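# Descriptive structure summary
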Amino acid sequence: MKIEFQGLMKRYDEKHVVLKPMDFLDDIHTLAIIGPSGGGKSTLLRILGGLLAPTTGRVAVGGDELPTDETALQKYRKNLGFVFQQGGLFRHLSAMENIALPLEQVHGYTKQEARTRAEELLERFGLHADRKKKPGALSGGQQQRVAIARAVAARPRLLLLDEPTSALDPEYTNEVLDVIHELKSEGMDFVIVTHEMGFARHACEKVAFLCEGSLLEYGDSASLFARPKTRQLAGFLSRLLEWNVSE
């Protein structure tokens with residue numbers, strides 16, 4: 001998936017610049033966006049997803065320039081899948097309904113088509129036995145797997161994940177990362193904001209490092225982790241990896 005932005009910048013006022021002007025162009029398959037908190041990672045992801053408008057600059061995803069009017073933005077978003085920190089599941093609906101209802105209401109599936117697709121994904125992600133449970137009866141890992149199933153149900157051309165494991169215990173974190181890695185093996189293009197450095201290094205082809213609103217480094221994940229070029233990235237990685245038993 002080709003991603004491009006020129007002069008992209010986001011600010012809320014003169015003193016609060018979230019993203020400083022930046023340019024980028026590459027063909028992305030699996031990209032991890034890493035960096036310290038407050039560096040602009042989630043803001044950049046939301047701009048790519050058409051959920052937040054940049055202050056200035058041009059953004060294009062898959063050769064299509066990001067539209068500005070709401071009607072066109074709704075059409076643009078239909079081709080993307082989103083997974084957020086807390087999943088964003090409808091609390092009053094079952095796992096099955098959380099997947100099937102958007103297919104009917106947003107993507108034009110018939111009720112039977114939506115149910116069949118939801119059944120397929122629940123089985124695939126090991127959730128079929130829990131299909132009638134509401135989110136409150138599911139573990140954190142199960143909730144995020146349902147959220148991912150919902151995000152990929154309409155076969156989006158790009159999946160955007162904003163720290164999908166940040167609120168999970170390590171055991172559930174691995175569940176969710178395994179699902180995302182499985183999607184990669186099946187050819188799903190995705191961009192993920194994550195603090196899971198092992199996943200960023202070994203499961204994502206490219207890594208972008210954002211710090212204080214600037215894109216300081218970008219490149220192949222193995223090279224970027226092995227040979228950081230800036231003191232900011234070197235310091236960031238050393239702090240995160242200090243207590244790791246292995247790289």
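Refer to the structure printed above.
Overview of the structure. Just so we're clear, the structure is a prediction, and the values are computed from it rather than from any experiment.

## Examining the environment of Asp64
Turning to its location among the elements, Asp64 is positioned in strand E5 (residues 64-65). Residue class for Asp64 comes out partly exposed when judged on its relative accessible area of 39%. Along the chain, Asp64 and Glu4 lie 60 residues apart, while their C-alpha atoms are 9.6 Å from each other. Ignoring anything within four residues of it in the chain, the contact list for Asp64 reads Val59 and Arg157. Only 3.1 Å separates the side chain of Asp64 from the side chain of Arg157, close enough to count as a polar contact.

## Digging into empty space enclosed by the protein
Summed over the entire model, instances satisfying the criterion amount to 2 cavities of 30 Å³ or more. Approximately 70 Å³ is the volume attributed to the largest cavity. In the lining of the largest cavity, the residues fall into 10 nonpolar, no polar and no charged. Around the second largest cavity sit Leu45, Arg46, Leu51, Phe82, Val83, Phe84 and Leu160, which together line it. Contributions of two or more residues to the lining of the second largest cavity are made by helix H1 (41-48) and strand E6 (80-83).

## Quick word on the nonpolar core
Across soluble globular proteins, nonpolar side chains show a tendency to be buried alongside one another. Core analysis: the largest hydrophobic core is formed by 47 residues, its most contacted members being Ile34, Phe125, Ile148, Leu159 and Ile180. When residues in this core are grouped by element, the largest group, 6 residues, is from helix H5 (residues 140-152). For Leu159, the residues in contact, after removing those within four places along its chain, are Gly81, Phe82, Val83, Ala151, Val152, Leu183, Met188, Asp189, Phe190 and Val191. Core analysis: the second largest hydrophobic core is formed by 27 residues, Ile3, Phe5, Met22 and Leu66 among them.

## Some words on the environment of Glu97
Assignment of secondary structure puts Glu97 in helix H3 (residues 95-105). When the C-alpha positions of Glu97 and Glu120 are compared, they lie 13 Å apart, and in sequence the two are 23 residues distant. A distance of 2.8 Å separates a polar atom in the side chain of Glu97 from the backbone nitrogen of Ser94.

## Observations regarding the layout of surface pockets
Empty space within the largest pocket amounts to approximately 480 Å³. Along the walls of the largest pocket sit 23 residues, with Leu80, Phe82, Pro102, Val106 and His107 positioned nearest its centre. Within the residue set of the lining of the largest pocket, elements represented by two or more residues are helix H2 (70-77), E6, H3 and H5. A total of 5 residues in the lining of the largest pocket trace back to one element, the largest contributor, which is H3. In this model, the second largest pocket occupies a volume close to 190 Å³. Lining of the second largest pocket is provided by 14 residues; of these, Ala53, Pro54, Leu66, Pro67 and Thr68 occupy positions nearest its centre. Mapped by element, the contributors of at least two residues to the lining of the second largest pocket are strand E4 (56-61) and H2. When its residues are assigned to classes, the lining of the second largest pocket shows 8 nonpolar, 3 polar and 3 charged.

Rules behind the numbers
- Residues numbered from 1 in each chain as written.
- Predicted model: local features only at pLDDT ≥ 70, side-chain atom pairs only at ≥ 80, totals over all residues.
- Heavy atoms only, no water.
- Helix = DSSP H or I, 4+ residues; strand = E, 2+ residues; numbered from the N terminus.
- Buried < 20%, exposed > 50% of the residue type's maximum accessible area, 1.4 Å probe, protein only.
- Contact = heavy atoms within 4.5 Å.
- Polar contact = N/O pair within 3.5 Å; in protein donor to acceptor, adjacent residues only side chain to side chain.
- 1 Å grid on protein atoms, 1.4 Å probe; cavity = no way out; pocket = protein on both sides within 12 Å on 5 of 7 lines; lining within 4 Å.
- Points joined across faces, edges and corners; volume = space filled by probe spheres on them.
- Nonpolar A, V, L, I, M, F, W, Y, C, P; charged D, E, K, R; others polar.
- Core = buried A, V, L, I, M, F, W, Y, C linked by side-chain atoms within 4.5 Å.

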